[in-house]
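Here are the chains, one letter per residue:
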Amino acid sequence: MLDKNRPYSRLEIDKVFTKVKATMHAKALLRGKERGINKAFYIDLYTGKELLGGDPYDYEHIRSSEAIFNEYKGVLNDEQIALVVNCNENVGVTLSSLNKSKGKRKMEDWLENPKNIVTYNVDMTLTKANLKKADKGIERKIKEFNKLNEKI
């Protein structure tokens, strides 16, 4: 039986996040080599800007781990939540300064301030597409776990 009142914990989330980041980095190194650069190569998920290893970037949960944990802690265990939070569609790379500015706010709330869009040169089409992709990935993982849990 799951404790729907259990406090937020990042322990399992961070275990999976570490593995996801390592996989993303390995793929980014291959993309860099394909471009003739000996560095990791990423595309910022909010600006579309090219980011290279050594640039100030962060790995980002598009939808926050805490929000996902709180929404699903009554129906999923911590390991399942960690896999939902860290699904491929919900993890990307963005400028550290943008990530710090956003903080724990939901991206849609952060975007309500037009100054943020201008300051960080946010590509709204790309950002909205990545938000939608994250939501679909989370929904896909939730459905997978719901089917599994129904069988138990």
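Quick caveat: nothing in here was measured; it's all calculated off a predicted structure.

1. Comments concerning helix α3 (residues 78-85)
No. 1: Residues Gln-80, Ile-81, Ala-82, Val-84 and Val-85 constitute the buried set of α3.
No. 2: Regarding α3, its N-cap is Asn-77, as a side-chain oxygen of that residue lies 3.1 Å from the backbone nitrogen of Glu-79 further along.

2. Describing the pairing of strand β4 (residues 91-95)
Looking down a regular strand, the side chains alternate between one sheet face and the other.
No. 1: Judged by how many residues are buried, β4 sits mostly within the fold: 5 of 5 residues are covered.
No. 2: Sheet analysis places strand β3 (residues 57-61) next to β4, joined by 5 bridges and oriented antiparallel. Among the inter-strand pairings, His-61 is bridged to a residue of β4, identified as Val-91.

3. Observations regarding unusual backbone geometry
No. 1: Of note, the phi angle at Asn-121 is positive, near 50°, even though the residue is not glycine.
No. 2: Its location among the elements puts Asn-121 in the loop between α6 (114-119) and α7 (124-151).
No. 3: Under the relative-accessibility criterion, Asn-121 is labelled exposed at 58%.

4. A closer look at the nonpolar core
No. 1: Core analysis: the biggest nonpolar cluster contains 36 residues, and Tyr-42 and Leu-98 have the highest contact counts within it.
No. 2: Broken down by secondary-structure element, the contributors of at least two residues to this core are α1 (11-34), α2 (65-72), α3, β4, α5 (107-111) and α7.
No. 3: Once residues within four sequence positions are removed from consideration, Tyr-42 is found in contact with Met-24, His-25, Ala-28, Arg-31, Lys-49, Glu-50, Leu-51, Tyr-57, Tyr-59 and Val-93.

5. Quick notes on the packing of α2 against α3
No. 1: In the contact formed by α2 and α3, the axes pass within 10 Å of each other and the chain directions differ by 135°. Classified by the angle their axes make, α2 and α3 are oblique. Viewed along their axes, α2 and α3 form a crossing whose handedness is right-handed. When α2 is examined against α3, the residues Ser-65, Ile-68, Phe-69 and Tyr-72 are found in contact with a partner set consisting of Asp-78, Ile-81, Val-84 and Val-85.
No. 2: In the contact of α2 with α3, the residues fall into 6 nonpolar, 1 polar and 1 charged.

The rules behind these values
- Residues numbered from 1 in each chain as written.
- Predicted model: local features only at pLDDT ≥ 70, side-chain atom pairs only at ≥ 80, totals over all residues.
- Heavy atoms only, no water.
- Buried < 20%, exposed > 50% of the residue type's maximum accessible area, 1.4 Å probe, protein only.
- Helix = DSSP H or I, 4+ residues; strand = E, 2+ residues; numbered from the N terminus.
- Polar contact = N/O pair within 3.5 Å; in protein donor to acceptor, adjacent residues only side chain to side chain.
- Pairing = 2+ DSSP bridges.
- Core = buried A, V, L, I, M, F, W, Y, C linked by side-chain atoms within 4.5 Å.
- Contact = heavy atoms within 4.5 Å.
- Axes fitted to C-alpha atoms, helices over the stretch in contact; angles between N-to-C directions.
- Parallel < 35°, antiparallel > 145°, perpendicular 65-115°, else oblique.
- Left-handed = near helix turned anticlockwise from the far one by under 90°.
- Nonpolar A, V, L, I, M, F, W, Y, C, P; charged D, E, K, R; others polar.

Treat this as a map of the structure, not an account of what it does.
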